[in-house]
Amino acid sequence: MQPNPPVAHTATVDSKGVHVTTASGKSRTYSGGEVITLTQVIDLAEGAATLCQSSTETCLKLVDESAELAADCDALIAEITEKGVGENLIGKCEHLKEQLDLQAAAAKQVHDQIQGGEEACRTASANAEVRHGAIFRAVADSPLTKPAERDFYNAR
């Protein structure tokens, strides 16, 4: 079941704060501190998504490196078998190859899970931006926040 899509709120600013009206008609007044917290939540979600993206890239590199090392193990096993020496060495190489295959599978699984986390963070950020964007625009457009929104946020 898909969640309902985000619906934008309307907002106005006066000396008491930011007054928000939802699509269903409910009203609430946010202080400057609450508005800045919403901005920080959106920024944190975007930062987390970026971190997830770099982590997924690292996981893919690990999958590739594990596959390369497993191929090297296969080559070593073939070379040792060809020379007819080192039954223990062949066993160790086969065990190492199995461990590398397990590592590659685990890295792929972590990659898939982190990719889902990245998508969730980006969705949360986008939804918050859609829902609360009017609040930020109301603060930015209000004559009460000139010359800078920072003064509005700091005054509360």
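Refer to the preceding data block for the structure.
Now for a quick tour of the structure. (Residues numbered from 1 in each chain as written. Predicted model: local features only at pLDDT ≥ 70, side-chain atom pairs only at ≥ 80, totals over all residues. Heavy atoms only, no water.)

## Observations concerning the sheet that holds strand β3 (residues 27-30)
- Sheet architecture is open: three strands sit in the order β1-β2-β3, paired in antiparallel fashion. The two strands at the open ends of the sheet, each matched to only one other strand, are β1 (10-14) and β3. The average undirected angle you get between the axes of adjacent strands in this sheet is 25 degrees.
- Pairing between strand β2 (residues 17-21) and β3: four bridges, direction antiparallel. When the bridges of β3 are listed, valine 18 appears paired with tyrosine 30. (Pairing = 2+ DSSP bridges. Helix = DSSP H or I, 4+ residues; strand = E, 2+ residues; numbered from the N terminus. Axes fitted to C-alpha atoms, helices over the stretch in contact; angles between N-to-C directions.)

## Details of the side chain of threonine 56
- Relative to the assigned elements, threonine 56 resides in helix α1 (residues 32-83).
- In this structure, threonine 56 is in contact with His111, Ile114, Gln115 and Glu118, ignoring residues within four places of it in sequence. (Contact = heavy atoms within 4.5 Å.)

## Observations regarding the pattern of salt bridges
- The full count for this structure, using the stated rule, is five salt bridges.
- Salt-bridge contacts for glutamate 79 lead to lysine 83; the nearest nitrogen and oxygen are separated by 3.7 Å. Within this pair, glutamate 79 and its partner lysine 83 are both found in helix α1, separated by four residues, close to a single helical turn.
- Glutamate 79 sits in the partly exposed class, given a relative accessible area of 43%.
- Residue class for lysine 83 comes out exposed when judged on its relative accessible area of 57%.
- The closest approach of N and O atoms between arginine 122 and glutamate 118, which form a salt bridge, is 3.4 Å. Placement of the pair is arginine 122 and glutamate 118 together in helix α2 (residues 87-141), with a separation of four residues, close to one helical turn.
- Residues participating in the shared-partner salt-bridge network are Glu46, Glu118 and Arg122. (Salt bridge = Lys/Arg side-chain N within 4 Å of Asp/Glu carboxyl O. Buried < 20%, exposed > 50% of the residue type's maximum accessible area, 1.4 Å probe, protein only.)

## Describing the environment of valine 18
- Along the chain, the position of valine 18 falls in strand β2.
- Along the backbone, valine 18 and arginine 28 are ten residues apart, and their C-alpha atoms lie at a distance of 8.2 Å.

## Regarding a negative patch on the surface
- A cluster of like negative charges, contributed by Asp64, Glu65, Glu68 and Asp72, occupies part of the molecular surface.
- Relative to the helices and strands, aspartate 72 resides in helix α1.
- Given the relative accessible area of 45%, aspartate 72 is considered partly exposed. (Patch = residues over 30% accessible without salt bridge, like charges linked within 9 Å, V, L, I, M, F, W, Y side chains within 5 Å. Areas by Shrake-Rupley, 256 points an atom, 1.4 Å probe, with all protein chains shown as cover. Lys, Arg positive; Asp, Glu negative; His and termini not counted. Charge placed at Lys NZ, Arg CZ, Asp CG, Glu CD.)

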